[in-house]
Amino acid sequence: MKILGKTSIRRKLMLMLLLTSCSALMLSTIGFALNDWLSQRSAMFNRLHAQAQIIGNNSLAALTFGDADSANNTLASLKNEDDIVAAALFNRERHLFAGYRRDADRSWQDLPVEQFGITSDGHYFVVSPIMLDGNTIGHIMVISDLRYWKERQLFHLLIAIAVLLVSLLLALLISSRLQRLVSEPILKLA
């Protein structure tokens, strides 16, 4: 604190108020950004899971009767979803039954053991069982591109930074006024 030894009381008060408000603003911005990141990620997995269940229910008859063409048509309906890059139906033996790929160079591997996760090329995936009368007759896997989610996260982060900067400017103005309330009576006494 020797650095502040030669500064005036006015400057010390202003620095103290700015430091306090800046710390509080930074912590709240980090907290809100982290909360937004986690909730958006969870919402994305929930959305993928819901889509997987809908497609799985729509593919129930195709799996039951071994109609791969009908299953491919059902999976092709996902082309209208911007973030879905691929989907696959697996039969009871976990072999590929039908598949949809937005990009033709994606190759299918075995059905993952995990219910959700990240593929080797950085896409999120969700695997959901397809049930008939309490028995699992197959699985549906839906793979989503992270680009839309990343763009949304970047947008939210930029908004948080803008709010932080405006708040810091406002804190500077308020601390300038508040330090005068404290330092003017002291200066008058001096």
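Computed from a predicted model, the values in this text were never measured in an experiment.

1. Focus: the overall build of the protein
Along the backbone of the protein there are 4 helices and 5 strands. Overall, the protein shows an N-to-C arrangement of helices and strands of α-α-α-β-β-β-β-β-α. Taking all 190 residues of the protein together, the buried fraction comes to 32%. Taking as baseline every contact in the protein between residues at least 6 positions apart, the subset at least 24 positions apart corresponds to 56%. As displayed, the protein has an accessible area near 12,500 Å², and 63% of this comes from carbon and sulfur atoms.

2. Structural notes on helix α3 (residues 68–76)
Three or more residues of α3 are buried, namely Ala71, Thr74 and Leu75. End-on view of α3: buried residues confined to an arc of 95 degrees, all on one side of the axis. Exposed positions of α3 whose direction lies more than 90 degrees from the buried face are Asp69 and Asn73. In this fold, the buried residues of α3 make contact with α1 (9–58), α2 (60–65), β1 (84–91), β2 (96–101) and β5 (135–144).

3. Points about the packing of α1 against helix α4 (residues 147–189)
Where α1 contacts α4, the two axes come as close as 8 Å, and the packing angle between them is 160 degrees. With respect to α4, the element α1 is oriented roughly antiparallel. Crossing angle aside, the handedness with which α1 passes α4 is right-handed. Class assignment for the residues of the contact of α1 with α4 results in 20 nonpolar, 10 polar and 5 charged.

4. Let's talk about a nonpolar patch on the surface
On the surface, Ile9, Leu169, Leu170, Leu172, Leu173, Ile174, Leu178, Leu181, Val182 and Ile186 cluster together into a nonpolar patch covering about 900 Å² of accessible area. If you tally residues by element for the nonpolar patch, the top one is α4, at 9 residues. The topology assignment puts Leu169 in helix α4. For Leu169, a relative accessible area of 51% puts it in the exposed group.

5. Section: the confidence of the model for the protein
For the protein, per-residue confidence averages 81 on the pLDDT scale, and residues scoring 70 or more make up 87% of the total. Strand β3 (residues 116–118) is the least confidently modelled element of the protein, averaging 65 in pLDDT, while α3 averages 90, the highest of any element.

6. Here's the deal with the packing of aromatic side chains
One pass over the full model with this rule turns up 1 aromatic pair. Between the aromatic rings of Phe45 and Tyr124, the centroid separation amounts to 4.6 Å while the plane-to-plane angle is 50 degrees, which identifies the pairing as tilted. Here Phe45 is found in helix α1, whereas its partner Tyr124 is found in strand β4 (residues 124–132), with 79 residues between them in sequence. Owing to a relative accessible area of 4%, Tyr124 belongs among the buried residues under this scheme.

7. Quick notes on the side chain of Gln153
Looking at where Gln153 falls in the secondary structure, it is placed in helix α4. The residues contacting Gln153, other than those within four sequence positions of it, are Asp36, Trp37 and Gln40.

8. Considering the side chain of Asp83
Assignment of secondary structure puts Asp83 in the loop between α3 and β1. The buried category is assigned to Asp83, whose relative accessible area is 10%. A polar atom in the side chain of Asp83 sits 2.6 Å from the side chain of Arg47. Residue contacts for Asp83: discarding those within four places in its chain leaves Arg47, Ile143, Ser144 and Asp145.

Conventions we followed
Residues numbered from 1 in each chain as written. Predicted model: local features only at pLDDT ≥ 70, side-chain atom pairs only at ≥ 80, totals over all residues. Heavy atoms only, no water. Helix = DSSP H or I, 4+ residues; strand = E, 2+ residues; numbered from the N terminus. Buried < 20%, exposed > 50% of the residue type's maximum accessible area, 1.4 Å probe, protein only. Contact = heavy atoms within 4.5 Å. Areas by Shrake-Rupley, 256 points an atom, 1.4 Å probe, with all protein chains shown as cover. Arc of directions from axis to C-beta. Axes fitted to C-alpha atoms, helices over the stretch in contact; angles between N-to-C directions. Parallel < 35°, antiparallel > 145°, perpendicular 65-115°, else oblique. Left-handed = near helix turned anticlockwise from the far one by under 90°. Nonpolar A, V, L, I, M, F, W, Y, C, P; charged D, E, K, R; others polar. Patch = residues over 30% accessible without salt bridge, like charges linked within 9 Å, V, L, I, M, F, W, Y side chains within 5 Å. Salt bridge = Lys/Arg side-chain N within 4 Å of Asp/Glu carboxyl O. pLDDT = per-residue confidence, 0-100. Phe/Tyr/Trp six-rings, centres within 6.5 Å; stacked < 30°, edge-to-face > 60°. Polar contact = N/O pair within 3.5 Å; in protein donor to acceptor, adjacent residues only side chain to side chain.

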